[in-house]
Structures are given as structure tokens and as C-alpha cells.
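So you can see what is in the structure, the chains are spelled out below.
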Amino acid sequence: MMRKNIYAVILMAILVLVSTGLAQDLQQQYNDKAREVKEITAKMSKPGIKKEEYDALLPQYNQAQKELQELKSKLEQDVAAMEKINNAKKAYNEANTLYKKGQYDAAIAKYDDALKLDPNYSKALYGKGLSYNKLKQFENSVATFQKAVDIEPSYDMAYSAMGNAYNRLRQYDKSIEAYKKAIELDPQSESSMYNLALVYNKTKSFEEAIKYLRMATQVKPNYIKAFTQMGETFIEMGKLDDAIMALQNALAVKADDARTNFQLATAYNKQGNYSEALAAAKACLVKPANYKGGANYEAGVASKALGDIAQAKQFFQAAERDSRWRKSAQYELELIEKGL
């Protein structure tokens, strides 16, 4: 994808150089023709010129003047076109700045300014579509990305972003189609592969999800998110050995990743390997981030299975403070109170 961006920049530079070269060539033609008119005029104005000489020069003068006016018109059009392109690019850059600042409505207005000057500005359509995504106006974003790929059918990033929008609209078949097109256009797009796998997970198509997660890790061997997601998917499939292997691959990239350690604790508990589950849960709790409640719950499950009821109770009480895990933790605490 980076290579395509570089190629796009190079292509734009070439087009600017070519356009500049054409403008310079046109200017040279105009200068040459103006010199020709001036020379014919000087001959026609020569003192003592005979009528037949004058009459012979007149058609040349009229033709040269006509060609001069045509060149002038082309030159003016060319200058106006270049100015339009430059103004469109300026508006596009201003829109990008607004987008980065999170001012998405203002960004859309600026992208529209660029599109008024250049209706085929596919990059402006892409930026506008991303802005609609940020505003959660997904139907507008889909329509905008579609315009971008209609203009530039090889625009893989627009197809990928369209896949995101369709996913948010829960139109999963269309999301899958868009992501697959993005991957077809850019077989190195690990992010498209990862996002496609997430859609397949939502539709319970786990084998397909695993397929694209594997592809993503082949493209990017240190893609920790893909390895972790692969582990989560294998857990859903009940393939715990495969899940543990995928999660260990993720930890080989980043040993203290909270999400991965939490999922590993889950897999080990399901497998009945409680010592390893407790170690993974504790590793998660070093940097729990969004997984504190879950890690405490899994640590509680492991501690209880290992016979350390007091520690299990502490972990469940900690998990209880997370609304997502409250009911499960309370249930386990009730069991402990009952001696079960």
C-alpha cells in the first residue's frame, strides 16, 4: 500500500511536470507566432511598399493573427486549468488538516471545495468518505467511496474503507465483497485481511476468519493483533491447542500485551491448565488496560480450581467492580459462600 502511495506521488509529480512542460511549450509557440506577426507587420509597413507586395503579405498576416489568437486562447485555458488544479489541491490539503484536528464537518466542506474545482479528485472523495465514517454517517460514506472507485477502479484503500462502512451498517455480505476487492487490488494489505476476518467472525464463519488472519500474519509476521484475534477465534471454535499456539505467537512479539495474556488465561482455564491460566491472568494485570475485569475473573477461576479459595475470592471481588463481569463474579462468590 505504501508503494502505491509512493507511485501516486510520483505520478502526480510527473503530471505536474508534463503540464508545466506543455504550458512552457505553448508559451514558446505563442512567442514565436507573435514574432512572426511582428515581422509581417514590419514588411507591410515598409515605406514605398508596392500594392502587389502588400496584397501578397496580407493573407499571411491574417493567418498568422488567427493562429496567434488561437494560441493565446489555449494558453489562457491552460493557465486557468493549472490554477484550478492548484486551488483544488490547496482545498484538499486544508481538508486533511481539518480532518486530523477532528473537525469532520468542516473537513467535508473543504473536500467539497476541492471537488467543485476537480470533480474527479478521487483522493478528496476518499477523505470525505473517511470524514463521514467518523461522523457515523455510514450510508453517506459508502456512497462517497463508491464515487471514488468509479473514478479510480484500482483504489484499494477506498474499497477497504467501504468495507468498514458496510460492516458498521451490518451489511456483512457487502462488507466482505468490498474487503475482498481491496485485497485483490493490494495483496499486501494486512489490515484489509484482518478486518475481513472480523466480519467473518461476526457471521460465525470461523474457518474463513482463520484463513484471512493467517494471510495477514504471512504478510506481516509481527502482526500481534492478528495472532491474538486468531487465538480468540480458535477459542470460539473450541480448538484450545491452536488458540494457545496463536496467542503464544502474539506474546513472542510483545510479552506484556494485556489482551493476549487475558485470552491466554481464558484458553488455559478452558483447557484445565490452571497454573498457566493464573500466570497469564497475572501477566495481564500488570498492564490490564481494558481487560482488568476479565483478567481478575480468570485469575479467580484458576485460583479456585487450584484450591486457593481466599485468593479466588479476592480476584472475584476485583472482577465484580467491572460491570461487564459483575454477574459472573457475583455468581462465583455466591458459590464460594455456599462452599461449592
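Now for a look at the structure at hand. All values derive from a computational prediction rather than experimental measurement.

Description of the nonpolar core
Link 1 in the chain: Ranked by internal contacts, the top residues of the largest apolar core, which has 38 residues, are Leu196, Tyr200, Tyr212, Leu213, Ala226, Met230 and Leu264.
Link 2 in the chain: Of all the elements in the fold, those that place two or more residues in this core are helix H7 (172-185), helix H8 (190-202), helix H9 (206-219), helix H10 (224-237), helix H11 (240-253), helix H12 (258-271), helix H13 (274-286) and helix H14 (292-305).
Link 3 in the chain: Ala226 has contacts with Tyr194, Leu213, Ala216 and Thr217, leaving out every residue within four places of it along the chain.
Link 4 in the chain: Formed by 28 residues, the second largest nonpolar core is a distinct cluster that contains Tyr92, Leu115, Leu125 and Tyr166.

Concerning a positive patch on the surface
Link 1 in the chain: On the surface, Lys136, Arg168, Arg170 and Lys202 cluster together into a patch of positive charge.
Link 2 in the chain: Within the secondary structure, Lys202 sits in helix H8.
Link 3 in the chain: A relative accessible area of 45% means that Lys202 is categorised as partly exposed.

Quick look at the side chain of Thr233
Link 1 in the chain: By secondary structure assignment, the location of Thr233 is in helix H10.
Link 2 in the chain: What Thr233 contacts, discounting residues up to four positions off in sequence, is Asn201, Phe206, Ala209, Ile210 and Leu213.

Structural notes on unusual backbone geometry
Link 1 in the chain: If you check the backbone angles, Arg170 has positive phi at about 65° while not being a glycine.
Link 2 in the chain: Relative to the helices and strands, Arg170 is located in the loop between helix H6 (156-168) and H7.
Link 3 in the chain: Although it is not a glycine, Lys204 adopts a positive phi angle of roughly 65°.
Link 4 in the chain: Structurally, Lys204 can be placed in the loop between H8 and H9.
Link 5 in the chain: For Lys204, a relative accessible area of 56% corresponds to the exposed category.

Thoughts on H11
Link 1 in the chain: Between the first and last C-alpha of H11 there are 20 Å, a value that for 14 residues agrees with the 20 Å anticipated at 1.5 Å per step.
Link 2 in the chain: Taken as a whole, H11 has its buried residues at Leu240, Ala243, Ile244, Ala246, Leu247, Ala250 and Leu251. For H11, the angular spread of buried residues about the axis comes to 165°, placing them on one side. Turned more than 90 degrees away from the buried face of H11 sit Asp241, Met245 and Ala252, all of them exposed.
Link 3 in the chain: Residues of H11 that are buried make contact with H10 and H12.

What to know about the packing of aromatic side chains
Link 1 in the chain: Across all of its chains, the model carries eleven aromatic pairs by this definition.
Link 2 in the chain: Taking the centre distance of 5.4 Å and the plane angle of 65° together, the rings of Tyr99 and Tyr104 count as edge-to-face.
Link 3 in the chain: Between the aromatic rings of Phe262 and Trp325, the centroid separation amounts to 5.9 Å while the plane-to-plane angle is 85°, which identifies the pairing as edge-to-face. Pair noted here: Phe262 is in helix H12 and Trp325 is in the loop between helix H15 (309-319) and helix H16 (326-337), with a separation of 63 residues, a long-range link.
Link 4 in the chain: Joined through ring pairs, the aromatic side chains of Phe262, Tyr291, Tyr297, Phe316 and Trp325 make up one cluster.
Link 5 in the chain: The ring of Tyr223 is capped by Lys220, whose NZ or CZ atom sits 4.8 Å from the centre of that ring.

Observations regarding the packing of H10 against H11
Link 1 in the chain: Packing of H10 against H11 leaves a shortest axis separation of 8 Å and a crossing angle of 160°. Overall, the two elements H10 and H11 adopt an arrangement that is roughly antiparallel. Considering the relative orientation of H10 and H11, their crossing is left-handed. When H10 is examined against H11, the residues Ile224, Phe227, Thr228, Met230, Gly231, Phe234 and Ile235 are found in contact with a partner set consisting of Asp242, Ala243, Ala246, Leu247, Asn249, Ala250 and Val253.

Observations concerning the packing of H11 against H12
Link 1 in the chain: Running from N to C, H11 and H12 point in directions that differ by 155°, and their axes come no closer than 10 Å. Accordingly, the angle class assigned to the pair H11 and H12 is roughly antiparallel. Crossing angle aside, the handedness with which H11 passes H12 is left-handed. Contact residues: H11 offers Leu240, Asp241, Ile244, Leu247, Gln248, Ala250 and Leu251, while H12 offers Thr260, Asn261, Gln263, Leu264, Ala267, Tyr268, Lys270 and Gln271.

Section: the environment of Ser122
Link 1 in the chain: Tracing the backbone through its elements, the reader meets Ser122 in helix H4 (residues 122-134).
Link 2 in the chain: By relative accessible area, which is 8% here, Ser122 ends up buried.
Link 3 in the chain: Residues contacting Ser122, with those up to four places away along its chain left out, are Ala148, Ile151, Glu152 and Tyr155.
Link 4 in the chain: Polar contacts involving the side chain of Ser122 include one to the side chain of Glu152, which spans 2.7 Å.

Comments concerning the pattern of salt bridges
Link 1 in the chain: Across all of its chains, the model carries twelve salt bridges by this definition.
Link 2 in the chain: Note that Lys110 is salt-bridged to Glu94, the shortest N-O span being 2.9 Å. A residue pair is termed long-range when its members are at least 10 positions apart, and Lys110 in helix H3 (residues 104-117) and Glu94 in helix H2 (residues 51-100) qualify at 16 residues.
Link 3 in the chain: Here Lys110 falls in the partly exposed class, since its relative accessible area comes to 26%.
Link 4 in the chain: The class for Glu94 is partly exposed, based on a relative accessible area of 29%.
Link 5 in the chain: The shortest N-O distance in the salt bridge between Lys287 and Asp256 comes to 2.9 Å. Of this pair, Lys287 sits in the loop between H13 and H14 while Asp256 sits in the loop between H11 and H12; the two residues are 31 residues apart in sequence, bridging distant segments of the chain.

Scoring rules and cut-offs
- Residues numbered from 1 in each chain as written.
- Predicted model: local features only at pLDDT ≥ 70, side-chain atom pairs only at ≥ 80, totals over all residues.
- Heavy atoms only, no water.
- Core = buried A, V, L, I, M, F, W, Y, C linked by side-chain atoms within 4.5 Å.
- Buried < 20%, exposed > 50% of the residue type's maximum accessible area, 1.4 Å probe, protein only.
- Helix = DSSP H or I, 4+ residues; strand = E, 2+ residues; numbered from the N terminus.
- Contact = heavy atoms within 4.5 Å.
- Patch = residues over 30% accessible without salt bridge, like charges linked within 9 Å, V, L, I, M, F, W, Y side chains within 5 Å.
- Areas by Shrake-Rupley, 256 points an atom, 1.4 Å probe, with all protein chains shown as cover.
- Salt bridge = Lys/Arg side-chain N within 4 Å of Asp/Glu carboxyl O.
- Lys, Arg positive; Asp, Glu negative; His and termini not counted.
- Charge placed at Lys NZ, Arg CZ, Asp CG, Glu CD.
- Expected span 1.5 Å × (residues − 1).
- Arc of directions from axis to C-beta.
- Phe/Tyr/Trp six-rings, centres within 6.5 Å; stacked < 30°, edge-to-face > 60°.
- Lys NZ or Arg CZ within 6 Å of the ring centre and 35° of its normal.
- Axes fitted to C-alpha atoms, helices over the stretch in contact; angles between N-to-C directions.
- Parallel < 35°, antiparallel > 145°, perpendicular 65-115°, else oblique.
- Left-handed = near helix turned anticlockwise from the far one by under 90°.
- Polar contact = N/O pair within 3.5 Å; in protein donor to acceptor, adjacent residues only side chain to side chain.

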